[in-house]
Amino acid sequence: MPCFVQEGENQSTPIEALPGCFRHTIDRLIEAVRQWQELGIRAVALFPVTPPELKTSDARAALDPQGLVPTTVRALKSACPEVLVITDVALDPFTDHGHDGLMSTDGRILNDETVAHLARMALVHAQAGADLVAPSDMMDGRVGAIREALDGQGFIDTGILAYSAKYASAFYGPFRFALDSAPGQGDKKTYQMDPANRREARREAELDEWEGADILMVKPGLPYLDVLADLRERTSLPLAAYHVSGEFAMLKAASEKGWIDYDRCLLESLLAFRRAGADFILTYGAADAAKLLR
Ligand code: PBG
């Protein structure tokens, strides 16, 4: 279950573009996680809402061991030790320009500087108790750098869920509303993949596998099932699919209009991921699906 966590106490702010989803404060998130566990959901992926005053060009808040993500991980692991906690490793919630990487003065994304930052960020998450760190940034070489940083500090059991084939997609819209993280300028096409390119996914997946990824992921989901099926044929690693915010919002919006049956379309979507080869699915509909499948 992807979930949004925000500063403060005792608040759950509904996300308009993701009906049924909230930006929870840590205490509320723990309550939600307990309910999800009863439904059989055993893993959560955390995405932090960073207050605007903490967003900077050097994304330093991403490295703060007392920051929202490490604090949430510690709280969750102590309240619900059984739950698998996945953290997002990317700079977009922390940069003032909204990009996933550090930027040069002339507006280019700095790959290697970003990778060094991400490796330190992953280590902060591992130290807080994250089970899996999930680089969603798409810089080159980040999986290897993160593996080395984790192993170097003894975190040999912290796994890496690699967003291997992440496309520069317009389906991420509601997520960016939820985090207020839309890039101020430009787009993410210099680091995320070209939706027209299928073969590049194979190369990205091979590199991530070789660099030490434990799970590979394809994102977005339904429009990219060919990519998922392709990787299923080529890797023996577990494969994940991300049923992203825009896909989920479409199901909700059309069903609110009475044009489709949400429950059946949700289950059919998840079935299609499974058919194409997904072992795991990240979906905002996880709780709904779990209830339907009982
Ligand atoms: C950014 C990130 C994004 C999502 C997960 N991590 C958005 C983006 O790349 O702009 C999107 C998830 C969704 O749409 O549900 N690191």
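Below or above, wherever it landed, is the structure these notes cover. Everything numeric in this text was worked out from a predicted model, so none of it was measured.

### A look at the overall build of the protein
Turning to step 1, where the next piece is worked out: When helices and strands are counted, the protein shows ten helices and ten strands.
Turning to step 2, where the next piece is worked out: For 294 residues, the compact-globule formula gives about 19 Å, and the C-alpha radius of gyration of the protein, at 18 Å, lands near that figure.
Turning to step 3, where the next piece is worked out: Scored against the burial criterion, the 294 residues of the protein give a buried share of 56%.
Turning to step 4, where the next piece is worked out: A fraction of 73% describes how many contacts in the protein between residues 6 or more apart in sequence connect residues 24 or more apart.
Turning to step 5, where the next piece is worked out: With the model as given, the accessible surface of the protein reaches about 13,400 Å², and the carbon-plus-sulfur share is 50%.
Turning to step 6, where the next piece is worked out: Between the mean site of the 30 positive side-chain charges and the mean site of the 43 negative ones, the protein shows a separation of 4 Å.

### Some points on the site of the ligand
Turning to step 1, where the next piece is worked out: Every one of the 16 residues lining the ligand counts as a neighbour, but Arg176, Lys188, Lys219, Ser245 and Tyr284 are closest to it.
Turning to step 2, where the next piece is worked out: A distance of 2.6 Å is found between an oxygen atom of the ligand and a side-chain nitrogen or oxygen belonging to arginine 176.
Turning to step 3, where the next piece is worked out: Measuring from an oxygen atom of the ligand, one finds a side-chain N or O atom of tyrosine 284 at 2.6 Å.
Turning to step 4, where the next piece is worked out: Each residue belonging to the shell around the ligand can be placed in one class, and the counts come to seven nonpolar, three polar and six charged.

### A word on the pairing of strand 5 (residues 84–89)
Turning to step 1, where the next piece is worked out: Of all six residues making up strand 5, five are buried, and the element is well covered by its neighbours.
Turning to step 2, where the next piece is worked out: Read from strand 4 (residues 43–48) through helix 2 (residues 68–79) to strand 5, the crossover connection turns out right-handed.
Turning to step 3, where the next piece is worked out: Here four bridges tie strand 5 to strand 6 (residues 132–135), and the two strands are oriented parallel to one another. The residue of strand 6 that forms the bridge with valine 89 is proline 135.

### Examining unusual backbone geometry
The bulk of non-glycine residues show a negative phi, and the bulk of peptide bonds are trans.
Turning to step 1, where the next piece is worked out: Note that the residue after lysine 219, namely proline 220, is joined by a cis bond; omega there is -10°.
Turning to step 2, where the next piece is worked out: Looking at where proline 220 falls in the secondary structure, it is placed in the loop between strand 8 (215–219) and helix 7 (225–234).

### What about the pattern of salt bridges?
Turning to step 1, where the next piece is worked out: Applying the stated criterion across every chain, the model contains 14 salt bridges.
Turning to step 2, where the next piece is worked out: The partner of aspartate 214 in a salt bridge is arginine 147, and the shortest N-O contact between them spans 3.8 Å. Separated by 67 residues along the polypeptide, aspartate 214 in the loop between helix 6 (199–211) and strand 8 and arginine 147 in helix 4 (residues 142–152) bring together distant segments of the chain.
Turning to step 3, where the next piece is worked out: According to the relative accessible area criterion, arginine 147 is buried, its value standing at 13%.
Turning to step 4, where the next piece is worked out: As a salt-bridge pair, aspartate 230 and arginine 198 come within 3.5 Å of each other at their nearest N and O atoms. With aspartate 230 in helix 7 and arginine 198 in the loop between helix 5 (173–179) and helix 6, the pair connects residues that are 32 residues apart, well separated along the chain.
Turning to step 5, where the next piece is worked out: On the basis of relative accessibility, which here comes to 8%, the residue aspartate 230 falls in the buried class.
Turning to step 6, where the next piece is worked out: Relative accessible area serves as the criterion here: at 39%, arginine 198 is assigned to the partly exposed category.
Turning to step 7, where the next piece is worked out: Salt bridges sharing common partners tie together Arg198, Arg202, Asp226, Asp230 and Arg234.

### A few points about the sheet that holds strand 1 (residues 2–6)
Turning to step 1, where the next piece is worked out: Spatial strand order, 2-3-1-4-5-6-7-8-9-10: ten strands in an open sheet with mixed pairing. If you trace the sheet from one side to the other, it starts and ends with strand 2 (12–14) and strand 10 (280–283), each paired once. Between one strand and the next, the sheet's axes are offset by a mean angle of 30°, whatever the strand orientation.
Turning to step 2, where the next piece is worked out: Pairing analysis gives two bridges linking strand 6 to strand 7 (residues 159–166), with the strands arranged parallel. Bridge pairing in strand 7 links leucine 132 to glycine 159.
Turning to step 3, where the next piece is worked out: Here helix 1 (residues 26–39) sits on the sheet and contacts strand 1, strand 2, strand 3 (22–25) and strand 4; the angle it forms with strand 3, its principal contact strand, is near 115°.

### Here's the deal with the packing of aromatic side chains
Turning to step 1, where the next piece is worked out: Per the stated rule, a full pass over the model turns up nine aromatic pairs.
Turning to step 2, where the next piece is worked out: For the ring pair phenylalanine 4 and tyrosine 284, a centre distance of 6.1 Å and an interplane angle of 5° mean the geometry is stacked. Taken as a pair, phenylalanine 4 in strand 1 and tyrosine 284 in the loop between strand 10 and helix 10 (286–293) lie far apart in primary sequence, 280 residues in all.
Turning to step 3, where the next piece is worked out: Take tyrosine 284: its relative accessible area is 4%, and that puts it in the buried class.
Turning to step 4, where the next piece is worked out: Members of the aromatic cluster, connected to one another through ring pairs, are Phe4, Phe47, Tyr163, Phe175, Tyr242, Phe248, Tyr262 and Tyr284.
Turning to step 5, where the next piece is worked out: Looking at lysine 166, its charged tip hangs above the ring of tyrosine 172, at a distance of 5.4 Å from the centre.

### Side note on the side chain of histidine 125
Turning to step 1, where the next piece is worked out: Within the fold, histidine 125 resides in helix 3 (residues 111–128).
Turning to step 2, where the next piece is worked out: For histidine 125, a relative accessible area of 1% gives the class buried.
Turning to step 3, where the next piece is worked out: Reaching out from histidine 125, the side chain makes a polar contact with the side chain of threonine 87 at a distance of 2.8 Å.
Turning to step 4, where the next piece is worked out: Among all residues touching histidine 125, those that are not within four sequence positions of it are Val69, Thr87, Asp88, Val89, Ala130 and Val133.

Cut-off values and rules
Residues numbered from 1 in each chain as written. Predicted model: local features only at pLDDT ≥ 70, side-chain atom pairs only at ≥ 80, totals over all residues. Heavy atoms only, no water. Helix = DSSP H or I, 4+ residues; strand = E, 2+ residues; numbered from the N terminus. Rg over C-alpha atoms; globule rule 2.2 N^0.38 Å. Buried < 20%, exposed > 50% of the residue type's maximum accessible area, 1.4 Å probe, protein only. Contact = heavy atoms within 4.5 Å. Areas by Shrake-Rupley, 256 points an atom, 1.4 Å probe, with all protein chains shown as cover. Lys, Arg positive; Asp, Glu negative; His and termini not counted. Charge placed at Lys NZ, Arg CZ, Asp CG, Glu CD. Near = heavy atom within 4 Å. Polar contact = N/O pair within 3.5 Å; in protein donor to acceptor, adjacent residues only side chain to side chain. Nonpolar A, V, L, I, M, F, W, Y, C, P; charged D, E, K, R; others polar. Right-handed = clockwise from strand over helix to strand, strands pointing away. Pairing = 2+ DSSP bridges. Salt bridge = Lys/Arg side-chain N within 4 Å of Asp/Glu carboxyl O. Axes fitted to C-alpha atoms, helices over the stretch in contact; angles between N-to-C directions. Phe/Tyr/Trp six-rings, centres within 6.5 Å; stacked < 30°, edge-to-face > 60°. Lys NZ or Arg CZ within 6 Å of the ring centre and 35° of its normal.

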